[in-house]
Amino acid sequence: MLYCHRPDFNHEALTYFIDARDVVAGLDKETVRILYEPLFCMAAPSNYTMLMNSGQKVWSEPLPILKGPLAYPEITMGANGVKPISDIAEQAYEQLLNFLRDMNHRFQVALSPGQALLINNRKGLHARTSFMPTFGPQERWLLRANIRRDTWSMRNHWTGENLVFN
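This write-up is about the structure you can find in this document.

## Describing the overall build of the protein
Part 1 of the reasoning: Of regular secondary structure, the protein possesses four helices and 10 strands.
Part 2 of the reasoning: Dimensions of the protein, computed from the C-alpha atoms along their principal axes, are close to 45 × 45 × 30 Å.
Part 3 of the reasoning: Within the span of the protein, comprising 166 residues, buried residues form 30% of the whole.
Part 4 of the reasoning: Relative to all contacts within the protein whose residues are 6 or more apart in sequence, the contacts with residues 24 or more apart total 75%.
Part 5 of the reasoning: Accessible area for the protein stands at about 11300 Å²; split by element, carbon and sulfur atoms hold 55% of it.
Part 6 of the reasoning: Here the protein holds 17 positive side-chain charges and 16 negative ones, and the gap between their average locations is 6 Å.

Here it is, written out as structure tokens:
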């Protein structure tokens, strides 16, 4: 969930969203098939890894970008980077990026104070446009909350000290 406490000073920042169903429908079948294969490593969010790994990226094991049934796909991409592990994966990933860059496939919103945007991170991808920061008291301020319906599925990631996701 993104809650807008204060928009950017010049009201330039937009939040984009694209549904995984639109991705599957908009790409050719062979590209979709490859995106369903575990041929992509995802970079872990830097705010979770930079201090623990001397500033170096932490990469997942190879994963698919798409999973689930074609009618109700889920999509996963590392915001800090995706590393295809073969030439065919690189080509499929480039096709996906070209599709995502096409403005005709995106929903966009400019959040105003008091508005919240709920995003299911498994069912789509989101991003924001660049904007000119002021670094002052009127700076853009979005509050982010991660919401889970069920924490039981996280039990297998517990090491005794913290949660670890590969």
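## A look at the packing of aromatic side chains
Any aromatic ring pair is given by two values, namely how distant the centres are and how the planes are angled relative to each other.
Part 1 of the reasoning: Considering all chains together, one arrives at one aromatic pair under this definition.
Part 2 of the reasoning: Taking 6.5 Å as the distance between ring centres and 50° as the angle between the ring planes, the aromatic pair formed by Phe-40 and Tyr-93 counts as tilted. One end of the pair, Phe-40, is in strand β3 (residues 40-42); the other, Tyr-93, is in helix α4 (residues 87-101), and 53 residues separate them in sequence. Like Phe-40, the residue Tyr-93 is buried in the burial classification.

## A look at the sheet that holds strand β10 (residues 141-144)
Part 1 of the reasoning: Strand order in the open sheet made by the three strands is β8-β1-β10, with antiparallel pairing throughout. Because the sheet does not close on itself, it has two edges, and the strands there are β8 (116-117) and β10.
Part 2 of the reasoning: Pairing of strand β1 (residues 2-6) with β8, which is carried by two bridges, proceeds in the antiparallel orientation. Note on β8: the bridge partner recorded for Leu-2 is Leu-117.

## A short note on the environment of Asn-98
Part 1 of the reasoning: Among the secondary structure elements, Asn-98 is positioned in helix α4.
Part 2 of the reasoning: On the basis of relative accessibility, which here comes to 39%, the residue Asn-98 falls in the partly exposed class.
Part 3 of the reasoning: Here the alpha-carbon distance between Asn-98 and Pro-137, two residues 39 residues apart in the chain, equals 37 Å.

## Focus: the environment of Ser-130
Part 1 of the reasoning: Looking at the element boundaries, Ser-130 is found in the loop between β9 (124-128) and β10.
Part 2 of the reasoning: Along the primary structure Ser-130 and Ala-13 are separated by 117 residues, whereas in three dimensions their C-alpha atoms are 6.2 Å apart.

## Regarding the side chain of Thr-31
Part 1 of the reasoning: When you line up the elements, Thr-31 lands in helix α2 (residues 29-35).
Part 2 of the reasoning: Setting aside anything within four residues of it in sequence, one finds Thr-31 in contact with Ala-92 and Gln-95.

## Overview of α4
Part 1 of the reasoning: Its 15 residues place the ends of α4 21 Å apart at the C-alpha level, agreeing with the 21 Å of an ideal helix rising 1.5 Å per residue.
Part 2 of the reasoning: What α4 keeps buried is the set Ala-89, Ala-92, Tyr-93, Leu-96, Leu-97, Phe-99 and Leu-100. Projected down its long axis, α4 shows its buried positions confined to an angular sector of 160°, all on one face. Seen from the open side of α4, the exposed residues pointing more than 90 degrees away from its buried face are Asp-87 and Gln-91.
Part 3 of the reasoning: Residues of α4 that are buried sit in contact with β2 (15-19), α1 (20-26), α2, β3, β6 (82-84) and β9.

Conventions and cut-offs
- Residues numbered from 1 in each chain as written.
- Predicted model: local features only at pLDDT ≥ 70, side-chain atom pairs only at ≥ 80, totals over all residues.
- Heavy atoms only, no water.
- Helix = DSSP H or I, 4+ residues; strand = E, 2+ residues; numbered from the N terminus.
- Buried < 20%, exposed > 50% of the residue type's maximum accessible area, 1.4 Å probe, protein only.
- Contact = heavy atoms within 4.5 Å.
- Areas by Shrake-Rupley, 256 points an atom, 1.4 Å probe, with all protein chains shown as cover.
- Lys, Arg positive; Asp, Glu negative; His and termini not counted.
- Charge placed at Lys NZ, Arg CZ, Asp CG, Glu CD.
- Phe/Tyr/Trp six-rings, centres within 6.5 Å; stacked < 30°, edge-to-face > 60°.
- Pairing = 2+ DSSP bridges.
- Expected span 1.5 Å × (residues − 1).
- Arc of directions from axis to C-beta.

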